[in-house]
Amino acid sequence: MASASFDVIVIGGGPGGYVAAIRASQLGLKTAVVDRDRLGGICLNWGCIPTKALLKNAELIDHINHGAEWGISVDNLKLDFKKIIGRSRRVSDKMSSGIDFLMKKNKIVSISGTAKIVGRNKVRVEARDGKKDYEAKNIVVATGARPRSIPGVEIDHASVITSKEAMNLDAAPKSLVVIGAGAIGIEFAYFYAVLGTKVTVLEAQDTILPVEDREISAVVQKSLKHRGVDIRTGVFVEGVKKSKGEAEITFKKGKDGKPETIRGEKCLMAVGVQGNVENLGLEDVGVAIDRNHIKVDKDYRTNVPGIYAIGDVIGPPWLAHVASAEGEHAAEVIAGGKPHAIDYSNIPGCTYCQPQVASVGLTEDKLKADGKKEGQDYKVGRFPFRASGKAVAGGAADGMVKIVFGAKYGEILGAHIVGSEAAEMIAELGLAKSLEATAEDIRHTVHAHPTLSEAMMEAAGAADGLAIHI
Ligand code: NAD
């Protein structure tokens, strides 16, 4: 067992781990990153990036299907599903190779294999050619999370699948039952509905995308229904079994409803994730774990000196950009810096169906429930994209911007967008929120015309009865 020593060994090369490694190296620390798979983690290989490639396909197909309205008629439209998937896989490969390049550029040692912490400062990596021990002054655990299932339901990766299989099928299924209407469920429901699959969505909460503002998720729900997606909310899936090569799903409307069944060629389990905390040696060195997630302080230190944890493995919000921000923070702390704490009230969340959904901060529901308790009065500004010239010209009149401001000072409490480029637009409101911009500041910021972004300026105006185009 040869040994090499590092200032930092990062376990897991996803958007948390590789970013932590780059920052550590930039700050002069001798750094290694260990991963048993390709660098880039779920995000680059089996999540954010390949799904964005697929969703772009869906958008394109959607445009072509509505081409006649635009004076563009296409006869005999043919879809080559294998090519659609192939392009998505190539995009992932390309981006993952980009991370290999970044590791080299930053002089980070990339170690391929499965890592285990075998001492406070020791990491053992098992690879095809044997085991090697490495010394590390600091260890950053960034092992991410994996899809969870409903108790008693086995994901067989054939009929009952996760997002990983859903983005790499041989053919589009004739029917798909999606369990869970979070970001993953809704993105795949949209994708396969556009491809012609009969999609059913089963969601326990009373709205789809339940973390989003109700008015916003209602727009997506209406749009998906219009596409023929059968959406059942307020239903609890109790069991899934395999029958004649298909999945048979049992669910109840409410707790006391009578059991119903539905069948699908495929059943996508999209009910959330759980941290990858197993087989890392965490218990052996005494790292505290709480319900599948590693416990950390505000600087991502675990209870064991020299061991840090970041990203999905420490729990919600399970988002790539959060993992990256935590990775940078942890690396700066290890290098002796005192970075500002991450503001978890200002994390954007996006769902890339069409219309897209993006939000930051509190929903109006949350404010009604909690804010009132704290005496927080608020005002709401809305602007529909149907009143935006750019949106109508671009065939993107669906949706709106809704911003919730504090009534007294006009600060942003929450911002919610549903519409064609929502995920791009939300950055403006995130920045505005972090700079404590008010409704008045946003209204007075001259936005280029014509742009979709004008809707944010108008929504800010609307909060004070000063919108121009509504
Ligand atoms: P999620 O937690 O966002 O949604 C899961 C949904 O399943 C919930 O709405 C829940 O009410 C429902 N559910 C749970 N048990 C159920 C049952 N028995 N019957 C019916 N419904 C049930 O999880 P996800 O969509 O799997 O995504 C996992 C994580 O990854 C999330 O944190 C998500 O934000 C993140 N993610 C983000 C993006 C993005 O930013 N575009 C994309 C993918 C994933």
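Rules used in this analysis
- Residues numbered from 1 in each chain as written.
- Predicted model: local features only at pLDDT ≥ 70, side-chain atom pairs only at ≥ 80, totals over all residues.
- Heavy atoms only, no water.
- Helix = DSSP H or I, 4+ residues; strand = E, 2+ residues; numbered from the N terminus.
- Rg over C-alpha atoms; globule rule 2.2 N^0.38 Å.
- Buried < 20%, exposed > 50% of the residue type's maximum accessible area, 1.4 Å probe, protein only.
- Contact = heavy atoms within 4.5 Å.
- Areas by Shrake-Rupley, 256 points an atom, 1.4 Å probe, with all protein chains shown as cover.
- Lys, Arg positive; Asp, Glu negative; His and termini not counted.
- Charge placed at Lys NZ, Arg CZ, Asp CG, Glu CD.
- Near = heavy atom within 4 Å.
- Polar contact = N/O pair within 3.5 Å; in protein donor to acceptor, adjacent residues only side chain to side chain.
- Domains from an automatic or database assignment.
- Buried area = accessible area lost by both parts, 1.4 Å probe.
- Salt bridge = Lys/Arg side-chain N within 4 Å of Asp/Glu carboxyl O.
- 1 Å grid on protein atoms, 1.4 Å probe; cavity = no way out; pocket = protein on both sides within 12 Å on 5 of 7 lines; lining within 4 Å.
- Points joined across faces, edges and corners; volume = space filled by probe spheres on them.
- Phe/Tyr/Trp six-rings, centres within 6.5 Å; stacked < 30°, edge-to-face > 60°.

Attention now moves to the overall build of the chain. Secondary structure summary: the chain contains 14 helices and 24 strands in total. Taking 470 residues into account, the globule formula puts the C-alpha radius of gyration at 23 Å, and the chain, at 24 Å, falls close to it. If you line up the chain on its principal axes, its C-alpha atoms span 70 × 60 × 50 Å. The buried share among the 470 residues of the chain stands at 53%. Considering only contacts within the chain whose residues lie at least 6 apart along the sequence, 61% involve residues at least 24 apart. Looking at the chain as shown, the accessible area adds up to about 22300 Å², and 52% of this sits on carbon and sulfur atoms. Computing the positive centroid from 60 side-chain charges and the negative centroid from 58, the chain places the two 4 Å apart.

Turning our eyes to something else, we now look at the site of the ligand. For the ligand, the set of nearby residues contains 23 residues, the closest of which are E187, E203, V237, G272 and C350. Within the backbone of A270, a nitrogen or oxygen atom sits 3.4 Å from an oxygen atom of the ligand. Notes on the ligand: free accessible area 840 Å², of which the protein chains cover 78%. When contributions to the shell around the ligand are tallied by element, the ones reaching two or more residues are α6 (183–194), β10 (198–203) and β12 (235–243).

Once that is clear, we can look at the domain arrangement of the chain. Domain parsing of the chain yields domain 1 (3–146 + 274–334), domain 2 (160–271) and domain 3 (355–462). Computed over C-alpha atoms, the centres of domain 1 and domain 2 are 27 Å apart. Each partner contributes residues to the interface: domain 1 has 17 residues there, and domain 2 has 15 residues. Roughly 1500 Å² is buried in total at the junction of domain 1 and domain 2, and carbon and sulfur atoms are behind 69% of that figure. Considering only the side of domain 1, the residues that lose the most area to domain 2 are W46, L55 and F81, jointly responsible for 41% of the buried surface there. Here E187 ties to K52 by a salt bridge, and the two come within 3.4 Å at their closest N and O atoms. One can count two residue pairs in polar contact (both at pLDDT 80 or more) joining domain 1 with domain 2.

Time to look at the environment of S110. Relative to the helices and strands, S110 resides in strand β3 (residues 109–112). In this structure S110 comes out as partly exposed when scored by relative accessible area, which is 43%. With 69 residues separating them in the primary sequence, S110 and G41 have C-alpha atoms 14 Å apart. When near neighbours in sequence (up to four residues on either side) are disregarded, S110 contacts V33 and L39.

Over the atoms, a rolled probe matching the size of one water molecule traces out where space is still vacant. Roughly 920 Å³ of volume is contained in the second largest pocket. Looking at the second largest pocket, it is lined by 28 residues, and the ones nearest its centre are D62, H66, R227, G395 and D398.

Let us now look at the packing of aromatic side chains. Any aromatic ring pair is given by two values, namely how distant the centres are and how the planes are angled relative to each other. Inspection of every chain in the model, using the stated rule, returns four aromatic pairs. On the basis of an interplanar angle of 35 degrees and a centroid distance of 6.2 Å, the ring pair of F81 and Y192 is categorised as tilted. Of this pair, F81 sits in helix α4 (residues 81–105) while Y192 is found in helix α6, placing the two residues 111 residues apart along the sequence. Judged on exposure class, the residue F81 and its partner Y192 are both buried. With 4.8 Å between their ring centres and 75 degrees between their planes, F191 and Y192 make a pair best called edge-to-face. Residue classification places F191 among the buried positions, given a relative accessible area of 1%.

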